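As a plain string of letters, each chain reads:
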Amino acid sequence: MALTDEQRSEIEAVRAAPNQTVRPTVPAMEALLFEPFPLLDHGFIRVVDYMGDDSAVVQAARVSYGKGTRKTSEDAGLIRYLMRHRHSTPFEMCEIKFHVKLPLFVARQWIRHRMASVNEYSARYSVLDREFYLPDATQIAAQSKVNNQGRGETLSPETAAEVLSILQRDALQCYGDYEQLLDPEGLGVARELARINLTLNTYTQWYWKIDLHNLMHFLALRSDPHAQYEIRVYAQKMIEILKAWVPHTAQAFEDYRLGAYSFSAGMLKVLRRRLAGESVTQETSGLTKREWTEMQAVLEG
């Protein structure tokens, strides 16, 4: 389910005949518009369209007309203020639309972020391609002993090879059965029924449109080290795109969201006690063991 020859021809035609516009554009985004960035083994992400830039965030915050006469540094300062104090609506004035190709199990995590418009490739209408995700051997790990929804230690090369063999065998078997079910000269099962036995590593595609505020919320969660590796790969590429699109916003996002940590009221009390010279332990802190461990991990780097 890579880009078809027809899709590539459409992209080349659009890029060869640019249209003039009076709306704000971002040269760095214009340069990467429509281009697919390969991810995982068969996936990709590409920007289909975007609206607004850093100045649109500033314009919305000031409810002003045009770019005005303020310095870029003043605009950047306002964006940082908005980010720092979590003023979200100015960031909602910018939007971006992606075309994403991703495994089904990643799509089911992704779709939990509901503040977006999505249109997915229909397996009721069309036949899915014979493409499925197989992780790199270095990404095959045991269940974590401390995180119920994460990975632990990487498995040995021999065990990883066995796991990959099973994943590939099952995917090929299920896709072969899918083709048999669909065969109009054979069983002739409807597409909407034939698809139900496909494995979760089968690739799908969708268009995903979201505003800048909700995009950053998505990226804060899905680029976190605790997020699943496969969705982090997409989030990290999208952060690169964010930097090209809205550099001042992206910098503020990195400083106040990605590189920051929120302390609870109880944690702040502990910090104030420590600053006052008091020796505080977990037992005297009033924090749970887990809260204490999380706070220590942040403070100790």
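All values derive from a computational prediction rather than experimental measurement. (Residues numbered from 1 in each chain as written. Predicted model: local features only at pLDDT ≥ 70, side-chain atom pairs only at ≥ 80, totals over all residues. Heavy atoms only, no water.)

A. Representation of the packing of helix α8 (residues 212-222) against helix α9 (residues 229-245) in the model. In contact at an axis separation of 9 Å, α8 and α9 are set at 140 degrees when each is read in the N-to-C sense. In terms of orientation, α8 lies oblique with respect to α9. Judged by the sense of rotation from one axis to the other, the crossing of α8 with α9 is left-handed. In contact with Leu212, Leu215, Met216, Phe218, Leu219 and Arg222 of α8, α9 contributes Ile231, Arg232, Ala235, Met238, Ile239, Leu242 and Trp245. A breakdown of the residues in the contact of α8 with α9 according to their chemical character gives eleven nonpolar, no polar and two charged. (Axes fitted to C-alpha atoms, helices over the stretch in contact; angles between N-to-C directions. Helix = DSSP H or I, 4+ residues; strand = E, 2+ residues; numbered from the N terminus. Parallel < 35°, antiparallel > 145°, perpendicular 65-115°, else oblique. Left-handed = near helix turned anticlockwise from the far one by under 90°. Contact = heavy atoms within 4.5 Å. Nonpolar A, V, L, I, M, F, W, Y, C, P; charged D, E, K, R; others polar.)

B. Inspection of the sheet that holds strand β7 (residues 203-211) at higher detail. On the basis of which strands lie adjacent, the open sheet formed by five strands has the order β1-β2-β3-β7-β4 and antiparallel pairing. The open sheet terminates on both sides in strands that have one partner only, identified here as β1 (37-39) and β4 (117-120). Across the sheet, the mean angle from the axis of one strand to that of its neighbour is 20 degrees, orientation sign disregarded. Alignment of β4 against β7, held across four bridges, turns out to be antiparallel. Within β7, the position partnered with Asn119 by the bridge is Tyr207. (Pairing = 2+ DSSP bridges.)

C. How the structure looks around the UniProt feature "binding site: dUMP" (unreviewed entry) in the chain. UniProt annotation of "binding site: dUMP" (unreviewed entry) refers to Gln109, Trp110, Ile111, Arg112, Glu120, Tyr121, Ser122, Ala123, Arg124, Arg195 and Arg222 when read in the numbering used here. For the annotated residues, spread through 114 residues, the largest C-alpha to C-alpha distance comes to 29.2 Å, inconsistent with a single compact locus. Residue placement: Arg112 occurs in the loop between α5 (104-110) and β4. Mapping Tyr121 onto the fold places it in the loop between β4 and β5 (141-143). (UniProt positions renumbered as here; feature names shortened; annotations may be inferred.)

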